[in-house]
Amino acid sequence: MLDGYISDLEKGDVFRPTEFEVTSLMATQYAHGVEQTHEFFHSANNSLSRQVRPITAVHADKMKLLDANCLKEQRITGGRGPDWRIHFEHDAESIEPVFVGDTIRVSGRIADRYWKRGREYLLYEIEVHHADGRLLIRYRDRTLLRYRKNEETE
Amino acid sequence: MGASDWQSLDKGSELHGQTRVMTAERLRWYGDGLLTSSAGAPTEVGINIHTDDAYAQAEGLPAAIADGMLGANWLAEMLLDYFGEYYLTTSRLRVKFIKPVFVGQQMSPRGVVSEVIREEERSIFQIELSLTDEEGTPRTVGEASVTVPNPATA
Amino acid sequence: MTSTRSAADLTVGDVLSGPARLMSRERMRWYCDALETTALGTGEFVIAEPTIHSDDDFAIANGLPGIIADGMISTNWISGMLLEQFGVGYVGGGELQTKFIRPIYEDEVIETRGEVRVVEGGERPVYVIDVWCETADGQKCTVGQARIPVPAG
């Protein structure tokens, strides 16, 4: 179910897409946060001649998508849900780089929600397209809804 | 390490990244970077399972744990060091966070080339990845593929 | 990227170089926050108050055309180049002196350089290295000298 907490999401939910322009701050601050000093991420003074956003920053796209679709738990502005989730799997395929100045459209869905060994998981399938329609990143993300086990479901 | 080091890689070659200690500051930097990249404006991370022991313990964890994406980015950095812009243009990075990483643990990114698919104009490098602690125990594992043009066509 | 020679094998005239970096507004802000956080020393993270390095109005009120970089950013880029080349030999026994002879403005591309001027002999040989940062069109901004013990070969 959309518009509630992240833990309310169900298999088959399709997110309302979010579209925005990638700014220099978005690229440089993410790279700074993980000590990636390659000039690719900090200016256009590199072999691609444009400032690149780290591919792994698709994690931030997921956050933006969740903020736009889970209105009771908008983490970017400090919102909280009943439990803190645990990231289990990151799977990002870069088809083309995301450049600063690009307008991108992030879309996605909940491909699965399931229990395994006493813990509940969400499987996200997310795509990042350029505003002109080109697919830039295909992303799958598996997240535990909470760390604490539910013994009854083991 | 140069961005064209992929030319010396073949099946069985090992990749090494920078060994780092997981510190509370690095966890905060990642939180700030992720939120700022999501929000598009400087944003500070608050209390969560990555920044606050008491909060983490309330969620059933022994102490604050690293966001898995921090280690994923250290693996990504290693790929960027070896493959340069080709990692940024056509690649796939898939990692699973199989064990939590705590403050004070020393983490080393490693890779082994498992296959090189040679085609007429390009080569696809497939790499097994791990992020191991000081005892050699993998805490994050995964695989990557990076497509590079063959030197004659580069 | 530094000299292709090892730290023990440098000779007079050898050149060191670091990567070209854009002096971005964010890099200026990160330094201000890092400096104040380190200076406070309590473990609390500090967001720096507006200064000539982070706030256009503040800089203009101080007679500058806009924000300028703290000279310690380019000094640290030089220091990083020396650390890459000399490792612990720089950290344990090296000296670095810099002067800020021209402001570095937002969005200028800055490269770090060094050139070995003298190799002083004696019981503990020392490299004397001219170091500087320059803009894309070759204007020197931060200049100085480093003295680094020559490692045993």
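Keep in mind the model is a prediction, meaning the values are calculated, not measured. (Residues numbered from 1 in each chain as written. Chains lettered and ligands numbered in written order. Predicted model: local features only at pLDDT ≥ 70, side-chain atom pairs only at ≥ 80, totals over all residues.)

Novice: Describe the overall build of chain B, naming the residues involved and giving the relevant values.
Specialist: The helix and strand inventory of chain B stands at 4 helices and 6 strands. In sequence order, chain B lays out its α and β elements as β-β-α-α-α-α-β-β-β-β. By its C-alpha atoms, chain B is 55 × 40 × 25 Å across when sized along the principal axes. The buried share of chain B, taken over its 154 residues, is 42%. Here the contacts in chain B between residues at least 6 apart in sequence split such that 62% fall between residues at least 24 apart. (Helix = DSSP H or I, 4+ residues; strand = E, 2+ residues; numbered from the N terminus. Buried ≥ 20, exposed ≤ 12 C-beta atoms within 10 Å, placed from the backbone. Contact = placed C-beta atoms within 7 Å.)

Novice: If you had to explain the environment of Glu 19 of chain A to someone new, which residues and values would you point to?
Specialist: Residues and elements named next belong to chain A. Position of Glu 19 relative to the elements: it lies in strand S1 (residues 18-21). Taking C-alpha positions, Glu 19 is 8.0 Å from Ala 131, a pair spaced 112 residues apart along the chain. With residues up to four places along the chain from it excluded, the contact list for Glu 19 reads Thr 103, Ile 104, Arg 105 and Ala 131.

Novice: Outline the interface of chain B and chain A, supporting the account with residue identities and numerical values.
Specialist: The interface is formed by 38 residues belonging to chain B together with 39 residues belonging to chain A. At the level of secondary structure, the elements contributing two or more residues to the side of chain B that touches chain A comprise helix H1 (24-39), helix H3 (68-83), helix H4 (85-89) and strand S3 (91-97) of chain B. If one sorts the elements of the side of chain B that touches chain A by residue count, H1 of chain B sits on top with 10 residues. Partitioning the side of chain B that touches chain A into residue classes produces 16 nonpolar, 14 polar and 8 charged. Pairing of strand S2 (residues 86-94) of chain A with S3 of chain B involves 6 bridges; the strand directions are antiparallel. Across the sheet, Ser 94 of chain A pairs through a bridge with Ser 91 of chain B, a residue of S3 of chain B. (Nonpolar A, V, L, I, M, F, W, Y, C, P; charged D, E, K, R; others polar. Pairing = 2+ DSSP bridges.)

Novice: For unusual backbone geometry, give the residues involved together with the corresponding values.
Specialist: Residues and elements named next belong to chain A. Positioned with a positive phi, Asp 3 is a non-glycine residue whose angle comes to about 75°. Mapping Asp 3 onto the fold places it in the segment before S1. Overall, Asp 3 belongs to the exposed group, with 11 C-beta atoms counted inside 10 Å. If you check the backbone angles, Arg 117 has positive phi at about 50° while not being a glycine. The residue Arg 117 is located in the loop between strand S3 (103-116) and strand S4 (119-130) in this model.

Novice: I'd like a rundown of the nonpolar core, residues and numbers included.
Specialist: Within the largest apolar cluster, 75 residues are counted, with the highest numbers of intra-cluster contacts made by Ala 27 and Ile 137 of chain A together with Leu 75, Leu 79, Phe 83 and Val 146 of chain B. With 11 residues, H3 of chain B is the largest single contributor of residues to this core. Within the second largest apolar cluster, 29 residues are counted, among which are Leu 10, Ile 73, Ile 78 and Tyr 127 of chain C. (Core = buried A, V, L, I, M, F, W, Y, C linked by C-beta atoms within 7 Å.)

Novice: Explain the interface of chain C and chain A to me, and be specific about the residues and the numbers.
Specialist: Across the contact, 8 residues belong to chain C and 9 residues belong to chain A. Secondary-structure elements contributing two or more residues to the side of chain C that touches chain A are strand S2 (21-22) and helix H1 (25-40) of chain C.

Novice: Can you break down helix H1 (residues 24-33) of chain A residue by residue, with the values?
Specialist: Among the 10 residues of H1 of chain A, 10 are classified as buried, and the element is accordingly described as predominantly covered. In this fold, the buried residues of H1 of chain A make contact with helix H2 (58-69) of chain A, H1 of chain B together with H1 of chain C. A positive backbone phi angle near 60° is found at Glu 35 of chain A, which sits one or two residues after H1 of chain A.

Novice: Please set out the packing of H1 of chain A against H1 of chain B residue by residue, giving values where relevant.
Specialist: Where H1 of chain A contacts H1 of chain B, the axes come no closer than 7 Å and their chain directions differ by 165°. Taken together, the axis directions place H1 of chain A and H1 of chain B in an arrangement best described as roughly antiparallel. H1 of chain A and H1 of chain B meet at a crossing whose hand is left-handed. Counting all contacts with H1 of chain A, which are made through Leu 25, Met 26, Gln 29, Tyr 30, His 32 and Gly 33 of chain A, the residues of H1 of chain B involved are Trp 29, Tyr 30, Asp 32, Gly 33, Leu 34, Thr 36 and Ser 37 of chain B. Its residues assigned to classes, the contact of H1 of chain A with H1 of chain B shows 6 nonpolar, 6 polar and 1 charged. (Axes fitted to C-alpha atoms, helices over the stretch in contact; angles between N-to-C directions. Parallel < 35°, antiparallel > 145°, perpendicular 65-115°, else oblique. Left-handed = near helix turned anticlockwise from the far one by under 90°.)

Novice: Describe the confidence of the model for chain C, and please don't skip the residues or the numbers.
Specialist: Scored by pLDDT, chain C comes out at a mean of 91, with 98% of its residues at no less than 70. Within chain C, the lowest mean pLDDT, 84, falls on helix H4 (residues 88-91) of chain C, and the highest, 97, falls on strand S5 (residues 126-135) of chain C. (pLDDT = per-residue confidence, 0-100.)

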